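Examining the three-dimensional arrangement
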Amino acid sequence: MEMEEKNETIVNRPKADASVSQGVTAEEAKALIRAALDKLASSYAPYSHFHVASALLCSDGSVHTGVNIENASYPATNCAERTAFFKAVSEGHRDFRAIAICGGKNGRPAGYCAPCGICRQVMREFCSLDSFQIILAASEEDYRIYSLEELLPVSFGPENL
Ligand code: THU
């Protein structure tokens, strides 16, 4: 029963306010996942061997990918999600609909790779809490979608300053 309730919160659920909803279609989700999977080979993870890739969909339809980039000084590592966001923002994009994330040991996604807290906070800077969709993908067929609010409840953002 509890499991069923949990699954209810997993997405593609209809939004109450249609004007706010910009949910990705299954085709868009699969295309984003494919774009992320295709980038896994570019991940630079010689220390953890945990390879992560992401694909960020903008409202203009453009897709910006990112991978994790590790560093011998470990804290200098950049996650795949932040790489995608920083690439996109530095190219003038600020309006985002969804991000697909995949990752796993030795580049083989074996489950859902959820974004770390810092990446969630970076998303919070630019994305709508209720309409931005975070797609955690093990494969093109096996994925779950969460809203940013689900992954970062009771958050601090630009409007708090
Ligand atoms: N990593 C990401 O790129 N994204 C995440 O959401 C989780 C963690 C990376 C950082 C590091 O290179 C490796 O995964 C292991 O923590």
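- By the naming in an unreviewed UniProt entry, the chain is Cytidine deaminase, taken from Clostridium symbiosum.
- Entered under Sequence similarities (unreviewed entry) in the UniProt record, the comment concerning the chain runs "Belongs to the cytidine and deoxycytidylate deaminase family."
- Of the comments in the UniProt record for the chain, the one headed Function (unreviewed entry) reads "This enzyme scavenges exogenous and endogenous cytidine and 2'-deoxycytidine for UMP synthesis."

Section: the UniProt feature "active site" (unreviewed entry) in the chain
- Residues given the UniProt feature "active site" (unreviewed entry) here are Glu 81.
- As for its placement among the helices and strands, Glu 81 is situated in helix 3 (residues 80-90).
- The contact partners of Glu 81, leaving out residues within four places of it in the chain, are Ser 54, Ile 99, Ile 101, Ala 114, Pro 115, Cys 119 and Met 123.

Here's the deal with the site of the ligand
- All residues in the neighbourhood of the ligand are listed as Ser 48, Phe 50, Val 52, Asn 68, Glu 70, Thr 77, Cys 79, Ala 80, Glu 81, Ala 114, Pro 115 and Cys 116.
- Ala 114 has a polar backbone atom sitting 3.2 Å from an oxygen atom of the ligand.
- The contact in question runs from an oxygen atom of the ligand to an N or O atom on the backbone of Cys 116, over 3.4 Å.
- Protein chains shield 78% of the accessible area of the ligand, which is 370 Å² for the free molecule.
- Put simply, the parts of the chain that give the shell around the ligand at least two residues each are strand 1 (50-58) and helix 3.
- The residue makeup of the shell around the ligand, split by class, is seven nonpolar, three polar and two charged.

So, the packing of aromatic side chains
- All chains considered together, the criterion is met by four aromatic pairs.
- On the basis of an interplanar angle of 40° and a centroid distance of 5.6 Å, the ring pair of Tyr 47 and Tyr 74 is categorised as tilted. With Tyr 47 in the loop between helix 2 (26-39) and strand 1 and Tyr 74 in the loop between strand 2 (63-67) and helix 3, the pair connects residues that are 27 residues apart, well separated along the chain.
- Plain terms: the ring middles of Phe 85 and Phe 96 are 5.0 Å apart, the flat faces sit at 70° to each other, and that makes the pair edge-to-face. Taken together, the residues span a long stretch of sequence, with Phe 85 in helix 3 and Phe 96 in strand 3 (residues 96-105) at a distance of eleven residues. The two residues Phe 85 and Phe 96 agree in class, both being buried.

Regarding the state of the cysteines
- Considering all chains together, one arrives at zero disulfides under this definition.
- Its sulfur unpaired, Cys 102 is 8.0 Å from the next cysteine sulfur, which belongs to Cys 113.
- When its relative accessible area of 1% is taken as the criterion, Cys 102 is described as buried.
- No disulfide involves Cys 119; its sulfur sits 3.8 Å from the nearest other cysteine sulfur, which is in Cys 116.
- A relative accessible area of 1% places Cys 119 in the buried class.

Conventions adopted
Residues numbered from 1 in each chain as written. Predicted model: local features only at pLDDT ≥ 70, side-chain atom pairs only at ≥ 80, totals over all residues. Heavy atoms only, no water. UniProt positions renumbered as here; feature names shortened; annotations may be inferred. Helix = DSSP H or I, 4+ residues; strand = E, 2+ residues; numbered from the N terminus. Contact = heavy atoms within 4.5 Å. Near = heavy atom within 4 Å. Polar contact = N/O pair within 3.5 Å; in protein donor to acceptor, adjacent residues only side chain to side chain. Areas by Shrake-Rupley, 256 points an atom, 1.4 Å probe, with all protein chains shown as cover. Nonpolar A, V, L, I, M, F, W, Y, C, P; charged D, E, K, R; others polar. Phe/Tyr/Trp six-rings, centres within 6.5 Å; stacked < 30°, edge-to-face > 60°. Buried < 20%, exposed > 50% of the residue type's maximum accessible area, 1.4 Å probe, protein only. Disulfide = S-S within 2.5 Å.

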